[in-house]
Amino acid sequence: MKGMFQWERLPQKAAELFQKYKYVLLVIAAGIVLLLLPLGGEENPASGGTESQNGNGEETFRVEEMERRLEEALSRVDGAGEVTVVLTVKSGARQILAQDSSRSGEESSTSTVVVSTGSGTEDAVVLQQVYPQYQGALVVCPGGGDPAVCLKLVDAVSALTGLGADKISICKSK
């Protein structure tokens, strides 16, 4: 029975192999666990509001969301009542992308730097996200006729948007 496989020694051999390669098996198991974890970026429940994430995980600016948040906050100001806010911006949000430039003789070329994100997709490398500057704000509320309430609202809108008092208009609603 020299050529026959010895089934009774199999558990002993398996234990010896496990003992010898236990760290390798541990690394493989950790890799499998990491591969099974979700990637995130699909939902952003912790996002504060003026920013949300697009499919690439980059934050995008939304004026409507900022208006809504301002309305919520300003409605809590004593004497203001229900508030409606309209914001205007000078231009839309934009991104500054990393660029690679090269020269050969008198010709120069510029290309956008991209990175592979896996699954055959590539994304541009964003150096900076430039949010739009606010141009003006209109606040309409029942308490807009009271100078003390107007001052509180102007101070609050100025603090949150960076606008000067001359760019913020407070009106009394019907």
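- Looking at an unreviewed UniProt entry, one finds the protein chain named Putative stage III sporulation protein AG, with Pseudoflavonifractor capillosus ATCC 29799 as its source organism.

A few points about the overall build of the protein chain
So, step 1. A count of helices and strands for the protein chain gives four helices and 11 strands.
So, step 2. Expressed as a percentage of the 174 residues in the protein chain, the buried residues total 20%.
So, step 3. For the protein chain, the share of sequence-separated contacts (at least 6 apart) that also reach a separation of at least 24 residues comes to 59%.
So, step 4. Approximately 13000 Å² of the protein chain is accessible, and the part contributed by carbon and sulfur atoms is 55%.

Description of the nonpolar core
Side chains of a nonpolar character, in soluble globular proteins, are inclined to be buried together.
So, step 1. In this structure, Leu74, Leu87, Val139 and Leu153 are the most contacted members of the largest nonpolar core, which totals 21 residues.
So, step 2. Secondary-structure elements contributing two or more residues to this core are α3 (63-75), β3 (84-89), β10 (134-141), α4 (147-161) and β11 (168-172).

Structural notes on the packing of α3 against α4
So, step 1. Their axes nearest at 11 Å, the elements α3 and α4 cross at an angle of 145°. Helix-helix and strand crossings are classified by hand; for α3 and α4 the assignment is right-handed. Residues Met66, Leu70 and Leu74 of α3 form the contact with α4, whose participating residues are Leu153, Ala156, Val157, Leu160 and Thr161.
So, step 2. Residue composition of the contact of α3 with α4, grouped by class: seven nonpolar, one polar and no charged.

Comments concerning the pairing of strand β6 (residues 107-112)
Strand residues, when the strand is regular, have side chains that alternate between the two faces of the sheet.
So, step 1. The element β6 is largely exposed, with a buried count of zero among its six residues.
So, step 2. With six bridges joining them, strand β5 (residues 99-104) and β6 adopt antiparallel strand pairing. Among the inter-strand pairings, Asp100 is bridged to a residue of β6, identified as Ser111.
So, step 3. As consecutive antiparallel partners, β5 and β6 are separated by two residues, and within that stretch Gly105 has a phi angle of approximately 70°, a positive value.

Brief notes about the sheet that holds β3
So, step 1. Across the sheet, three strands lie side by side as β3-β10-β11; this open sheet has mixed pairing. For this open sheet the edge positions go to β3 and β11, each flanked by a neighbour on one side alone. Going from strand to strand, the sheet's axes swing by 15° on average, the running direction of each strand aside.
So, step 2. Note: β10 against β11, five bridges, orientation parallel. In the strand pairing of β11, Val139 is matched with Ile170.
So, step 3. Sheet strands touched by α3: β3 and β10. Its angle to β3, the strand with the most contacts, is close to 145°.

What to know about α3
So, step 1. For α3, spanning 13 residues, the distance from its first C-alpha to its last is 18 Å, which sits close to the expected 18 Å at 1.5 Å a residue.
So, step 2. All of the buried residues in α3 are Val63, Glu65, Met66, Glu67, Leu70 and Leu74.

Thoughts on the pairing of strand β8 (residues 121-124)
So, step 1. Where strand β7 (residues 114-118) lies against β8, four bridges are found, and the strand directions are antiparallel. Bridge pairing links Val114 to Ala124 in β8.
So, step 2. Taking the residues between adjacent antiparallel strands as the criterion, β7 and β8 are bridged by two residues, where Ser119 takes a positive phi near 55°.

Concerning a nonpolar patch on the surface
So, step 1. Residues Leu17, Phe18, Tyr21, Val24, Leu25, Ile28, Ile32 and Leu36 make up a contiguous nonpolar surface patch of about 820 Å² in total accessible area.
So, step 2. Listed by contribution, the elements that provide at least two residues to the nonpolar patch are α1 (10-20) and α2 (22-36).
So, step 3. The element that contributes the greatest number of residues to the nonpolar patch is α2, accounting for five residues.
So, step 4. Structurally, Leu17 can be placed in helix α1.

Parameters at a glance
- Along each chain, residues carry numbers from 1 onward, in the same order as the chain's sequence is written.
- Where local features are concerned, this predicted model is filtered to residues with pLDDT of at least 70; where side-chain atom pairs are given and counted, the filter is 80 or more; whole-chain, interface and lining totals use all residues.
- Hydrogen atoms and water are omitted, and side-chain values are computed over all heavy atoms in the structure.
- Only runs of H or I of at least four residues qualify as helices and only runs of E of at least two qualify as strands under DSSP, and these elements are numbered from the N terminus.
- Think of it in three bands: residues with accessible area under 20% of the maximum for their type are buried, residues over 50% are exposed, and the middle band is partly exposed, with areas taken using a 1.4 Å probe on protein chains only.
- In this analysis, two residues are considered to be in contact whenever any of their non-hydrogen atoms come within 4.5 Å of each other.
- Using the Shrake-Rupley algorithm and a 1.4 Å probe, accessible areas are obtained, with residue cover drawn only from the displayed protein chains.
- Here, the term nonpolar core denotes a set of buried Ala, Val, Leu, Ile, Met, Phe, Trp, Tyr and Cys residues that are joined through side-chain atoms within 4.5 Å.
- The convention used is that axes are lines fitted to C-alpha atoms, helices contributing only their stretch in contact, and that angles between N-to-C directions extend from 0 to 180 degrees.
- Whether a crossing is left-handed or right-handed is set by the direction in which the near helix is turned from the far one by less than a right angle, anticlockwise for left-handed and clockwise for right-handed.
- Gly is put with the polar residues, along with every residue not named as nonpolar or charged; the nonpolar set is Ala, Val, Leu, Ile, Met, Phe, Trp, Tyr, Cys and Pro, and the charged set is Asp, Glu, Lys and Arg.
- When DSSP finds two or more bridges between a pair of strands, those strands are recorded as paired.
- In a helix, the anticipated span is given by 1.5 Å times the number of residues less one.
- Within the patch definition used here, like charges are joined within 9 Å and nonpolar side chains (Val, Leu, Ile, Met, Phe, Trp, Tyr) within 5 Å, considering only residues with over 30% relative accessible area and no salt bridge.
- Definition used for salt bridges: Asp or Glu carboxyl oxygen within 4 Å of a side-chain nitrogen of Lys or Arg.

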